[in-house]
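In case you want the letters, here they are:
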Amino acid sequence: MSRIAYVNGRYVPHRRAAVHIEDRGYQFADGVYEVIAVREGCLVDRGPHLKRLKRSLSELGIPRPMTDAALCHVLAEVVRRNRVADGMVYLQVTRGIAPRDHAWPKGMRPAVVATAKSLRGPSAEMREQGVKVVSLPDLRWKRCDIKSVSLLPNVLAKQTARAAGAFEALFLDEAGRVTEGSSTNAWIVTKKGELLTREADEAILNGVTRQAVIALARKAGLKFVERSFTLREAQSAAEAFLTSTTAFVVPVVALDGKRIGDGRPGPFTRRLGEEYRDYVARFARKGAS
Ligand code: PMP
């Protein structure tokens, strides 16, 4: 079956979908995006994703391209036309098209692209064996809370991690604190049984999965503290894991070649992983498309 993409008001074959060479997303990475998981054709946490999209747009002074209802219609339609049951939908909004100049003219119309694809979801192997991560300096700008398409430091870090046989790179700020992964939020469980993830300041993206897992941890009565932690704390943690829309809850069993805890996914991670999978399954049952 051929894939279909939404590009500025039209549904077009994916292989022919194209944007203008003077789209500011292409020339300046002047745009934002969202990735939303799809379960049984339904969008998971659609509300928080759209809320974050609106915030990212507003922080960059890009007007909203359409109402939430219209955007939801486009996303549902892209999912339907691509017959995606389980997978993800990608939405990108750029400032639009204008002759190349750093400053932009008045009255620009944002450009919108949406695609959807089937994914098998995080593998059982990853969940059961855990993954390795490596630490790298965080070379990004000072507004990582905005979900900008400007991902060069992230893609370079991910590539470095993969070349080193690791799943993810953990970014470190200048004080040696972990900010987040290149496309995930980072968590640890201390030997005292405290669950930690960095506060959602401007140094990290406030992950929608992060927010859902915080709520699940609180509900489960786990000792949760929202604060940053250092590389040293991560190295001596009892457990570590990552969260994201596509990876869910991924146990981390090695950091820079050294084992974390006993080198296997720990009980907090397993529990939160299970709770999060149940949480996702509930969206499919509710039919929140
Ligand atoms: N941090 C970064 C830098 C990311 O790119 C992502 C995934 N887009 C996340 C965290 C996780 O966010 P979410 O749970 O909303 O997918």
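What you are looking at is a predicted structure, and each value in this text was computed from that prediction instead of being measured.

**Brief notes about the domain arrangement of the protein**
- Domain boundaries in the protein define domain 1 (4-118) and domain 2 (124-284).
- Computed from C-alpha atoms alone, the centre-to-centre distance between domain 1 and domain 2 is 26 Å.
- Taken residue by residue, the interface counts 23 residues in domain 1 and 22 residues in domain 2.
- Here domain 1 packs against domain 2, burying approximately 1900 Å² in sum over the two surfaces, 63% of which is carbon and sulfur.
- Among the residues of domain 1 in contact with domain 2, Tyr33, Asp45 and Arg52 are the three that bury the most area, contributing 31% of the side total.
- Put simply, domain 1 and domain 2 have two salt bridges between them.
- Ionic pairing is found between arginine 55 and aspartate 145, a salt bridge with its closest N-O pair at 3.0 Å.

**Observations regarding the pattern of salt bridges**
- Taken as a whole and judged by the stated rule, the model has 21 salt bridges.
- For arginine 52, the salt bridge identified is with glutamate 34, shortest N-O distance 2.7 Å. With arginine 52 in helix H2 (residues 46-60) and glutamate 34 in strand S3 (residues 31-39), this pair connects stretches of sequence that are 18 residues apart.
- Two residues, arginine 143 and glutamate 59, come together in a salt bridge whose shortest N-O distance is 2.8 Å. Here arginine 143 is found in the loop between strand S7 (131-137) and helix H5 (152-163), whereas its partner glutamate 59 is found in helix H2, with 84 residues between them in sequence.
- Salt bridges sharing common partners tie together Arg55, Glu59, Arg143, Asp145 and Glu202.

The rules behind each value
Residues numbered from 1 in each chain as written. Predicted model: local features only at pLDDT ≥ 70, side-chain atom pairs only at ≥ 80, totals over all residues. Heavy atoms only, no water. Domains from an automatic or database assignment. Contact = heavy atoms within 4.5 Å. Buried area = accessible area lost by both parts, 1.4 Å probe. Salt bridge = Lys/Arg side-chain N within 4 Å of Asp/Glu carboxyl O. Helix = DSSP H or I, 4+ residues; strand = E, 2+ residues; numbered from the N terminus.

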